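# Per-entry structural report
What follows is each chain in one-letter form.
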Amino acid sequence: MNIDLVKRIVLPLLVLIVIIQVWSGIAHTVEDFPTPSDTYVAAFGGINEFDDEVVGVLSDPFYIENVDDKGIFWQIMESLKRVFGGFALALIIGVPLGLLIGMSKNAQYAFDPFIQIFKPVSPLAWLPLLLFIFQDINLTAISTIFITSIWPIIINTALGVKSVSEDYMNVAKVLQFTPMEKVVQIILPVAIPFIFTGMRLSLAIAWLVIVAAEMLTGGIGIGFWIWDEYNNLAYHNIIIGIIIVGLVGFLLDTIMGLIANYFDYTKKGRA
Amino acid sequence: MSEFLSLKNVEKRFPISGKDDYVAVTDVNLEIKKNEIISIIGHSGCGKSTLLNMIAGLDMQSEGSIELNGKKIRGPGPERAVVFQNHSLLPWLTSYQNIEMAVKKVMPELSSIELRARVEKYISMVNLEHAKDKAPGELSGGMKQRVGIARALSINPEVLLMDEPFGALDSLTRANLQEHLMRIQESVKNTVIIITHDIDEAVLLSDRVIMMTNGPDATIGEILEVNLERPRKRVELQHDPEYIRCREAILSFLYEKFAKEDE
Ligand SMILES: Nc1ncnc2c1ncn2[C@@H]1O[C@H](COP(=O)(O)OP(=O)(O)OP(=O)(O)O)[C@@H](O)[C@H]1O
Ligand SMILES: [Mg+2]
């Protein structure tokens, strides 16, 4: 067996052991802090420290008790729906706007100051305002994600357009391409890898933001679920929530990365 | 003698902030005949590219006029195809697709069968059948440049403009491409304007060599007629008195009359 592969499996396991040790240490010092084994039982079911039989959070992630009481799978789906809703909206508006800013100096001058000012604002700062406008949890969360996602998409799209080399544009000029042909045949192929980089960044931030946004808006969703478990004093579920959020975020990023590579001509042995 | 491509009192100034304009080239007068092969030679920075870009329509002259078939050139167009120094193939398309894109745009009336036949014809003209489905990133420098030439020729231009097409290549590949170009030219008989730094290349390829003085205010210094029969054979030419005369004329122009100290 390949020695590198062994290292890739063994070394993280060593770190995992250290993490569990530290975690146990904290659980012994902080009162009511869940131990790793409590958390395991809470996640997958079994007999807890009070000798009670419990059903794990992950043993039945698909249950639906009523609208407010659903399994963890549905909580995640709810959050993902909002993330992708806001993300899709940001794409639909951000990509054309980025193309425009990249292609036109005037558009760049017009929009750049606002992008610079709004980009550093935490999307959560918008949340109260959005809640006031929409009076609806879902719309508020989606529009928060929209505001989160749009900046990296605009900026990277514009950057992609700017990186189109003068030579390619000269080819287009000699062939007398229409503006539309220039966009489709020259600018987009160059810009697409940049757009996907922007999308990947956006999606990662959106997933960060949704957890916090849902804690504030309440209702349903993985963020609110974690907050709810805090209110229920079910601290082990908070830890489970954190791990799940991490895994889902990792999965999202990996999938986005694969899609991005698929569309990136420079990553196909073509330079 | 039909006036095919004519440059009259052409001048190009570049604005420089806070100073007077930089006059790159001035007072350029040139008549180019149909099917003539012209090379432009001169020291770096004398305005060769500037001149070619104005003929291509990628840049506008500040004074004077450039006419093709009696019509003023107002912008770029496919009747003046350009082969760029750095090939400028689109890296996300294969060789075939790069040529296809150009033919499709310039000859939209072609059926898909005719389109295919045309693209294949120009690919085989540069002997690249084996590389037609490769992306530019997978080709050698010489092969890329051949695709660039095929792309330029495939749209049936009236003038082929080449800005140091072989400048980035090693001397063996360069010689090979010169042979390619001469062979193609035998059958296609285009009007060609080729910028070069290479004296042998200029003499070997052209009917006339335009020698440019140094900038600023660069202009045409001398025009040399190359009276050599075609097809020309590189090896045989080495001892040909006419070839030697032409070489010496260019050498003396570039290194005696208009030598550039800072090179
Ligand atoms: N856009 C521009 N703005 C200002 N000056 C320019 C511009 N383009 C070219 N020049 C100047 O005009 C002169 C001629 O440039 P050009 O590129 O035509 O030279 P060249 O003969 O092609 O040189 P080389 O052999 O190095 O390619 C140079 O001095 C250059 O600095
Ligand atoms: Mg040049």
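Residues numbered from 1 in each chain as written. Chains lettered and ligands numbered in written order. Predicted model: local features only at pLDDT ≥ 70, side-chain atom pairs only at ≥ 80, totals over all residues. Heavy atoms only, no water.

### Focus on the overall build of chain A
So the rule is basically this: Under the scheme used here, helices are H or I runs from DSSP no shorter than 4 residues and strands are E runs no shorter than 2 residues, and both carry numbers assigned from the N terminus. We take the radius of gyration over the C-alpha atoms and set the globule estimate at 2.2 Å times the residue count to the 0.38 power.
Along its length, chain A carries 10 helices and 4 strands. Secondary structure of chain A in N-to-C order comes out as α-α-β-β-β-β-α-α-α-α-α-α-α-α. Over its C-alpha atoms chain A spans a radius of gyration of 23 Å, topping by over 25% the 18 Å that the globule rule assigns to 271 residues. Its C-alpha atoms put chain A at 80 × 60 × 35 Å along the principal axes.

### A look at the sheet that holds strand β5 (residues 71–72) of chain B
Residue and element names in this part refer to chain B. Note the cut-off: When DSSP finds two or more bridges between two strands, those strands count as paired. Contacts between residues were defined by any pair of non-hydrogen atoms, one from each residue, lying within 4.5 Å. Comment: axis = line fitted to C-alpha atoms, over the contacting stretch for helices; angle = value between 0 and 180 degrees taken between N-to-C directions.
Spatially, β2-β1-β4-β5 is the arrangement adopted by the 4 strands of the open sheet, whose pairing is antiparallel. Bordering the open sheet on either side are β2 (22–32) and β5, each of which pairs with just one other strand. As defined by bridge partners, strand β1 (residues 5–14) adjoins strand β4 (residues 63–68) across 5 bridges and the pair is classed as antiparallel. Looking at β4, one finds that Leu7 is bridged to Ile66. Contacting β1, β2 and β4, helix α1 (residues 48–56) runs over the sheet at an angle of about 120 degrees to β1.

### Regarding the sheet that holds strand β6 (residues 80–83) of chain B
To summarise the sheet geometry, strands pair through backbone hydrogen bonds and adopt either a parallel or an antiparallel arrangement. Residue and element names in this part refer to chain B. Pairing in this open sheet of 6 strands is mixed, and the strands run β6-β7-β8-β3-β9-β10 from one edge to the other. Pairing within the sheet leaves two strands with one partner each, and these edge strands are β6 and β10 (220–225). Pairs of neighbouring strands in the sheet enclose a mean axial angle of 20 degrees, with direction left out of account. Of the pairings in the sheet, the one linking strand β9 (residues 208–212) to β10 comprises 5 bridges and is antiparallel in character. Looking at β10, one finds that Met211 is bridged to Glu222. Running over the sheet, helix α4 (residues 141–154) touches β6 and β7 (159–163) and is turned about 175 degrees from β6. Sheet strands touched by helix α8 (residues 241–257): β3 (37–41), β9 and β10. Its angle to β10, the strand with the most contacts, is close to 170 degrees.

### A word on the UniProt feature "domain: ABC transmembrane type-1" (unreviewed entry) in chain A
Operational definition: UniProt positions are given in the numbering used here, feature names are shortened, and annotations may be inferred rather than shown by experiment.
According to UniProt, the "domain: ABC transmembrane type-1" (unreviewed entry) feature falls on residues 76–256 of chain A. Measuring from the first to the last C-alpha atom of residues 76–256 of chain A gives 18 Å, for a span that is 88% helix and 0% strand.

### Describing a nonpolar patch on the surface
Residue and element names in this part refer to chain A. Operational definition: Like charges within 9 Å and nonpolar side chains (Val, Leu, Ile, Met, Phe, Trp, Tyr) within 5 Å are joined into patches, using only residues over 30% in relative accessible area that form no salt bridge. The Shrake-Rupley method, run with a 1.4 Å probe sphere, supplies the accessible areas, and residue values consider only the shown protein chains as cover. Think of a salt bridge as a Lys or Arg side-chain nitrogen and an Asp or Glu carboxyl oxygen that are within 4 Å of each other. Relative accessibility thresholds used throughout: buried, under 20% of the residue-type maximum; exposed, over 50%; partly exposed, between the two (1.4 Å probe, protein chains only).
Judged by side-chain polarity, Leu5, Val6, Ile9, Val10, Leu11, Leu13, Leu14, Leu16, Ile17 and Ile20 come together as a nonpolar surface patch covering roughly 830 Å² of accessible area. Relative to the elements of secondary structure, Leu11 occurs in helix α1 (residues 3–29). On the basis of relative accessibility, which here comes to 48%, the residue Leu11 falls in the partly exposed class.

### Topic: the UniProt feature "domain: ABC transporter" (unreviewed entry) in chain B
Mapped onto the present numbering, the UniProt feature "domain: ABC transporter" (unreviewed entry) falls on residues 5–239 of chain B. Measuring from the first to the last C-alpha atom of residues 5–239 of chain B gives 34 Å, for a span that is 33% helix and 26% strand.

### Considering the side chain of Thr140(A)
Its location among the elements puts Thr140(A) in helix α6 (residues 137–162). Once you skip the residues sitting within four places of it in the chain, Thr140(A) turns out to touch Leu127(A), Leu130(A), Leu131(A), Phe134(A) and Thr217(A).

### Some details on the interface of chain B and chain A
Stated precisely, the cut-off is as follows: For any pair of parts, buried area is found by adding up, for both, the accessible area (1.4 Å probe) each one loses once the two are put together. We call two N or O atoms a polar contact when they sit within 3.5 Å, provided that within protein one can donate a hydrogen and the other can accept it, with sequence-adjacent residues counted only if both atoms are side-chain atoms. Basically, the charged four are Asp, Glu, Lys and Arg, the nonpolar ten are Ala, Val, Leu, Ile, Met, Phe, Trp, Tyr, Cys and Pro, and anything else, Gly included, counts as polar.
Contacts between the two partners involve 24 residues from chain B and, on the opposite side, 19 residues from chain A. Approximately 1900 Å² of surface area, both sides summed, lies buried where chain B meets chain A, with 69% of it carried by carbon and sulfur atoms. Of the charged contacts, one joins Glu181(A) and Lys105(B) as a salt bridge, the two residues approaching to 2.9 Å between their closest N and O atoms. For the pair chain B and chain A, the number of links is 4 residue pairs in polar contact (both at pLDDT 80 or more). Sorting the residues of the side of chain B that touches chain A by element identifies β6 and α2 (95–106) of chain B as the ones contributing at least two each. A total of 4 residues in the side of chain B that touches chain A trace back to one element, the largest contributor, which is α2(B). The class makeup of the residues in the side of chain B that touches chain A is 15 nonpolar, 5 polar and 4 charged.

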